[in-house]
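# Summary of structural features
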Amino acid sequence: MARNDLQGTLDLLVLKTLSQLGELHGYGIVLHIQRASDELLSVEEGSLYPALHRMEMSGWIRSEWKVTDTNRKAKYYRLTPAGQKELQNAEKSFEHLVKGVRAILRYA
Amino acid sequence: MHIFRRIVNTCSRSKLHQEIDAEIQAHVEMRMADNIAARMSPEEARRDALIRFGNRTVMRERMTAMDAATAFDAFGRDLRYAARQLRRSPAFTATALVTLILGIGANVVVFSVLNALVLRPLDVPQPTGLYNVVHKSPGDDNQSYPDYVDFRSKNSTFTDMAAYRFQSAGFTTRDAAYLCWYYRVSGNYFDMLGVQPAQGRFFHASDEHGPNSAPYLVLSHDFWRRHFDSDPKIVGTTVDINKHPFTVIGVAPVTFHGTDLFLWPDFWMPIVDSPDDEGTNFLSIRGMHNLWILGKLKPGVTPQQATDNLNAIARELARQYPEDDYLSARLVKPGLMGDMFGDPARSFLAGIMLLAFLVLLAACTNLASLFAARTADRSRELAIRLAIGSSRWDVLRQLLSEAVLLSVLGGALGTLFSTTLLNALTRWQPFREYPVHVTVSPDPKVYFVALLLSICSGMVWGLVPIRQIWATDSVQVMKIGGAGTLAFRRFTLRDLLLGVQITLCTLLVTASFVALRGMQRSLHAPLGFQPQGVVLADTDLHMGGHSGASVTPVRKRMLEEVGRIPGVTSVGIIDETPLGTGGSSTYIYRMGTIDFRPSNMAVGAKYFSISPGYLHAAGTQLLKGRDFTWHDDAKSPKVAIVNETFARSMFGSASALGQEFMMGDKISHEIVGVVENGKYDSLTEAPWAAVFFPLEQNPDSDTSLLVRSPLPPAEILPELRRTLGQIDPSLPFVFHSWPDALAFVQFPARIATATLGVMGLLAAMLAVTGVFGMAMYAVSKRMREFGIRAAVGAQPVQLMGSALSRPLLLLLSGSAAGLLLGVIASRLLAQIVYQATPRDPLVLAGAVITMALLGLAATWIPAQRALRVHPARLLREE
């Protein structure tokens, strides 16, 4: 049971989003998670940016300033090979968590 | 690249801030655009976008703090803020700085001396693996030349071994005669040490061809400069040492001053050569222990292996020669005359280092309580900082920065002062007639220790308020306004600190009193002679070229002519004055002894050669029998005068007069007189047996002329100088009063007393500031309470009592504990300071009175303040 905390879940969501969509800015990540989860999950901005910063310091993601479709300057994030590996770990440990929690819920 | 950005961030924290802001700004704008598209009003759209971020400042701080690279920047900010805080409270800063300068300065000075005498190796190119070979029993460090030759040729563990001795001679130029000191060294000495000459060449083992075969000199750089004006053509010239010609073959480099840390010789001479006629006799006498052996271990050989190797050789030699009966080997660190001064120097310096450390500890506790009080005063500020989002760790780091900044600053200033003091110490030559001084100037090791001590002491007292910070409840503190009402009833950490500090200070004060008393007593201890009123004129008749039969007439003339000087009451001659630096001992055997090996001796005795009249001039009491006369000469039967210890250990209660004894020369001596006991080597020694011989029956060229007179030395000296100059102008004399000459044996006690005195003084100052600070703080915190109490009718004395009872109680209990510790610790002191005993009513009274006076001084001003409480004004101010 490694890192099955909430922060780990946020990391997993961000990493998965970036692996699916390639390159995205912070706002895009928030929107994607909201939409993809059918409005069930919403990421707080106050937690997202520190998390992005931390993941960048850990070398999981890389950032670059780019111009958006609407002609704004924004910081785009993309996954690094180290981030790819971290994503696999996070997915695996999330599966464990879900399995564990489900087992307890079904326990009669 | 984020690595690159991190480097950039180191330089600029604001750049990172800007970047974060820009990113958030982009996010907010995108969200606003979407919100407006969802038909929100622009106002509402903006509010919604912003509110989702929560506290943006906190978030930004968190992100910045995450960036490891900004830690350095934060450190700089902490320091700047700390400096500002310290500038705002100059009284605290000044007190802390002075305390730290004293505490760290004392440690730097003591450590430098320790470093110079104990830690630092010899100043030669490769000092590793160099050891002095001494005997197993401590204090017996000299070896004989034949033993040296055997050790050197038979060992398998040393690359090489050199022998050396240190002695004095007269150096005559056309105009004057000087006393100079030099090493006589074996030919391989310079080669083994790996020293290279500054001029000319050194002598080598190949220059030695038996006694008096190598009349060469190597000058020290300093001697070359002083006496030859650094003459580049000095090599090859001839100089007169004791009126014997020697050829200068080289000059040593400026840094090389032989193989003792504190001796600075004038020149080096091959050991096989001598400026005295009898000076090479010892080369063939196995029982004559008068030189030091220095060996260089082979690479990979441990000192233990080498010791075992040498001891095996020693056992073999003991079987072969009776004189080597006791021969054994031990390796010691070189540099302190073999190891003669090694043990006392090490234990003394370790003791003083401990005391200095205690002073620093006392200083730290002092600062800790000051700092804790200051933190309590700042609790409102700290609470506000915690309330607006700073973490407890930030606050702690901030306080720690203040402490360490102060400590490092204090340490730097303390080191600066110490360096000045140490440079003066380095230049100091404690004895006029001996080339003794020690280079104690700080080296990088000392600076490193100073920095380490500064940072550590800063940490020690800076971490004390940690509990206060963690316990701070910001809401509570802001509501009730500062620490004003924090419990003053129960004992706090500050009280404990003050108690510890006073205990340490009392310990130090007691120790210095014990030392001072011991010193005072040792100055009045019975010496077996009366040094007051005696002027000494020391010389070596060899320096004037006198030897054999020509010695006695010169001495007789000296005694007669000096005795005629007006104001001189008595004169006498001894070869080496007791408690001087020379002094020899010999084995005494009972009559009838056949096997003269050391284990068969009856007693070991100091021996001296004296002229008729010496005992009278020295003020040594003749208890029984007679003094020598000039008829006790080489042709008459051998006679001796012994001291009480000698008489008792040889003959018990029977009278010693008329009894006989023998020495290694197998000739019997008859005892004609018994004198009182005395001190011969050191003030702290146990009673030694001593024997005096007539000068003519035991010839020695060393001459110490005693001149007793009721006149002050300054009035006698000119006439004495003139008279002796007429007898032989080429003889260099060293004049001093006998009490001055005793400076050498009193030196350790004097140094110990001075050092302990300074430590005690420092401790006393720290005690005063500690109690003062505590009492002052206690009074100032309770002014309001006092105001109310005064208003409802409390007497000023009652107020004073409640304000000062705590500090006084601490002072009393701390002093008692310190006194007890001091009494226990003083046993250690007794080894250095003669007759140091803590069970001396004067010492105890002195310590108690000192602490009481300190307490009075420290609480005087706070008491005054408590007495002058003005209720109306105080209550208005609050």
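Let me sum up the structure you'll find in this document. Note that this is a predicted model, so its numbers are computed, not measured. (Residues numbered from 1 in each chain as written. Chains lettered and ligands numbered in written order. Predicted model: local features only at pLDDT ≥ 70, side-chain atom pairs only at ≥ 80, totals over all residues.)

### Observations regarding the overall build of chain A
Put simply, the rule is: In this text, helices come from DSSP runs of H or I with a minimum length of four residues, and strands from runs of E with a minimum of two, each type numbered from the N-terminal end. We call two residues in contact whenever the C-beta atoms placed from their backbones are within 7 Å.
When helices and strands are tallied, chain A shows four helices and three strands. Mapped from its N terminus to its C terminus, chain A presents α and β elements in the order α-β-α-α-β-β-α. For chain A, the proportion of contacts with a sequence separation of at least 24, taken over those separated by at least 6, is 51%.

### Concerning the interface of chain B and chain A
Worth spelling out the cut-off: Residues were grouped as follows: Ala, Val, Leu, Ile, Met, Phe, Trp, Tyr, Cys and Pro as nonpolar; Asp, Glu, Lys and Arg as charged; and all remaining residues, including Gly, as polar.
Each partner contributes residues to the interface: chain B has 17 residues there, and chain A has 17 residues. At eight residues, helix H2 (residues 13-37) of chain B tops the list of elements feeding residues into the side of chain B that touches chain A. Its residues assigned to classes, the side of chain B that touches chain A comprises eight nonpolar, three polar and six charged.

### Quick look at the sheet that holds strand S3 (residues 73-79) of chain A
Residue and element names in this part refer to chain A. Note the cut-off: Pairing between strands is defined by DSSP: at least two bridges between them are needed. Angles run from 0 to 180 degrees between N-to-C directions of axes, and those axes are lines fitted to C-alpha atoms, restricted for helices to the stretch in contact.
The three strands lie next to each other as S1-S3-S2, forming an open sheet whose pairing is antiparallel. Because the sheet does not close on itself, it has two edges, and the strands there are strand S1 (23-25) and strand S2 (61-67). Strand-to-strand twist of the sheet, defined as the mean angle between neighbouring strand axes without regard to direction, takes the value 35°. For S1 and S3, the ladder comprises three bridges, and the chain directions are antiparallel. If you follow Glu23 over to S3, its bridge partner there is Arg78.

### As for unusual backbone geometry
With the exception of glycine, most residues fall at negative phi, and the peptide bonds are largely trans. Applied cut-off: The burial label depends on the number of other C-beta atoms within 10 Å of a residue's C-beta. Counts of 20 or more mean buried, 12 or fewer mean exposed, and intermediate counts mean partly exposed, with C-beta atoms placed from the backbone.
Here Asn71 of chain A, not a glycine, exhibits a phi torsion of approximately 65°, which is positive. Assignment of secondary structure puts Asn71 of chain A in the loop between S2 and S3. Its identity as a non-glycine residue notwithstanding, Asp229 of chain B has a phi of 55°, on the positive side. Accessibility expressed as a C-beta count within 10 Å gives 9 for Asp229 of chain B, which makes it exposed.

### Notes on the packing of helix H2 (residues 26-36) of chain A against helix H3 (residues 45-57) of chain A
Residue and element names in this part refer to chain A. Going by this rule: Under this scheme an angle from 65 to 115 degrees is roughly perpendicular, one under 35 degrees roughly parallel, and one over 145 degrees roughly antiparallel; angles in between are oblique. By definition, turning the near helix anticlockwise from the far helix through less than a right angle yields a left-handed crossing, and turning it clockwise yields a right-handed one.
Contact geometry of H2 with H3 gives a least axis separation of 11 Å together with a crossing angle of 120°. Judged by the inter-axis angle, H2 sits oblique to H3. Of the two elements, H2 crosses H3, and the hand of that crossing is right-handed. In this structure, H2 contributes Gly26, Ile29 and Val30 to the contact, and H3 contributes Glu45, Leu48, Tyr49 and Leu52. Here the contact of H2 with H3 is composed, by residue class, of five nonpolar, one polar and one charged.

### A word on the environment of Ser220 of chain B
Residues and elements named next belong to chain B. Considering the arrangement of structural elements, one finds Ser220 in the loop between strand S5 (216-219) and helix H9 (221-228). Once the C-alpha coordinates of Ser220 and His257 are considered, the two residues, 37 residues apart in sequence, prove to be 7.1 Å apart. Not counting residues up to four positions away in its chain, the partners in contact with Ser220 are Ala252, His257, Pro265, Asp266 and Phe267.

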